[in-house]
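Below, each chain spelled out in residue letters.
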Amino acid sequence: MSVDSRTLGWLTRALTHEMSAVQQYLAQSVLARLWGDIALAEKLRHEAAEEMEHAERLMERLIQLGVAPSATNLAPVRLGRSRDVLLAVDRALEVDAVHLYQDALAHAQRMHDTDTAALLESILREEIAHVHEIDDMKMEQTKHD
C-alpha cells in the first residue's frame, strides 16, 4: 500500500498534539484538585479522556496505513496560578488543534483520501466544540465574579 508521506506527517503531528493535550489536561486536573476545585479537576480529567480517545483514533488510522504510531516531542505542560489562566492556556491549545486539523483535512481532501479526511473532520468538529466549551466556562466564571 502506497501512502502519501505528507498524510503520515499530518497524522503524526495530530497524534503528538493529542498526547500533549492529554498530558496537559491531566496535570491541570491534578493542580485544580490540589486547589480544592473538584469541579474543574473533573472537567479537566474528562477533557484528557476525550483527547486520549482522539489519539486512539489517530493511532488506529496510522496502523491501518501500515505505520507504527509514535508521538514525538510532546509540548511542555502549561499550568497557571488561577482557573482563568488554565482556561486561557487550554483555549490556545484547542485553537492550535483546530488549525492543525483544518490544514490536515485540506491535505487529505487534496489527496482524495476519504477515510483520513473523515477521521480528521470528525476530530476537527470535536476540537471546535472544545473551544466553545472553554468559552462557555469562561463566560460562566465571569458571571460569578
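The structure contained in this document is the topic of the report that follows. All values reported here derive from a predicted model rather than from experimental measurement.

In this section: the overall build of the protein. Of regular secondary structure, the protein possesses 4 helices and 0 strands. For the protein, the sequential pattern of α-helices and β-strands runs α-α-α-α. Relative to its length of 145 residues, the protein is compact, with a C-alpha radius of gyration of 16 Å against a globular reference of 15 Å. Counting only C-alpha atoms, the protein reaches 55 × 25 × 20 Å along its principal axes. The buried share of the protein, taken over its 145 residues, is 41%. The long-range fraction of contacts in the protein, counting pairs at least 24 apart against all pairs at least 6 apart in sequence, stands at 81%. A total of about 8000 Å² of accessible surface is found on the protein, and carbon and sulfur atoms cover 55% of it. Considering the protein, the positive charge centre built from 15 side chains and the negative charge centre built from 25 side chains are found 4 Å apart.

So, on to the layout of surface pockets. By volume, the largest pocket is sized at about 160 Å³. Considering the residues around the largest pocket, the lining is formed by 13 residues, among which His17, Ser20, Ala75, Leu93 and Asp96 are closest to the centre. When residues of the lining of the largest pocket are traced back to their parent elements, those giving at least two are helix H1 (5-35) and helix H3 (83-110). When its residues are assigned to classes, the lining of the largest pocket shows 6 nonpolar, 5 polar and 2 charged.

The next subject is empty space enclosed by the protein. Counting across every chain of the model gives 1 cavity of 30 Å³ or more. Estimated volume of the largest cavity: approximately 40 Å³. In terms of lining residues, the largest cavity is bounded by Tyr25, Lys43, Leu44, Glu47, Leu87, Asp90, Ile134 and Met137. Counting only elements with at least two residues in the lining of the largest cavity, the list comes to helix H2 (38-64), H3 and helix H4 (114-144). Here the lining of the largest cavity takes 3 residues from H2, the largest share from any one element. Here the lining of the largest cavity is built from residues that sort into 5 nonpolar, no polar and 3 charged.

We now examine the packing of H1 against H2. Two numbers describe how H1 lies on H2: the axes approach to 8 Å, and their chain directions differ by 160°. Judged on the interaxial angle alone, H2 and H1 are roughly antiparallel. The crossing of H1 and H2 is left-handed.

If you check the backbone angles, asparagine 73 has positive phi at about 50° while not being a glycine. Secondary-structure assignment places asparagine 73 in the loop between H2 and H3. Judged by its relative accessible area of 74%, asparagine 73 falls in the exposed class. Even without glycine at this site, histidine 112 takes up a positive phi of about 60°. Checked against the element boundaries, histidine 112 lands in the loop between H3 and H4. Histidine 112 gets classed as exposed once you look at its relative accessible area, which sits at 69%.

Each value, and the rule that gives it
- Residues numbered from 1 in each chain as written.
- Predicted model: local features only at pLDDT ≥ 70, side-chain atom pairs only at ≥ 80, totals over all residues.
- Heavy atoms only, no water.
- Helix = DSSP H or I, 4+ residues; strand = E, 2+ residues; numbered from the N terminus.
- Rg over C-alpha atoms; globule rule 2.2 N^0.38 Å.
- Buried < 20%, exposed > 50% of the residue type's maximum accessible area, 1.4 Å probe, protein only.
- Contact = heavy atoms within 4.5 Å.
- Areas by Shrake-Rupley, 256 points an atom, 1.4 Å probe, with all protein chains shown as cover.
- Lys, Arg positive; Asp, Glu negative; His and termini not counted.
- Charge placed at Lys NZ, Arg CZ, Asp CG, Glu CD.
- 1 Å grid on protein atoms, 1.4 Å probe; cavity = no way out; pocket = protein on both sides within 12 Å on 5 of 7 lines; lining within 4 Å.
- Points joined across faces, edges and corners; volume = space filled by probe spheres on them.
- Nonpolar A, V, L, I, M, F, W, Y, C, P; charged D, E, K, R; others polar.
- Axes fitted to C-alpha atoms, helices over the stretch in contact; angles between N-to-C directions.
- Parallel < 35°, antiparallel > 145°, perpendicular 65-115°, else oblique.
- Left-handed = near helix turned anticlockwise from the far one by under 90°.

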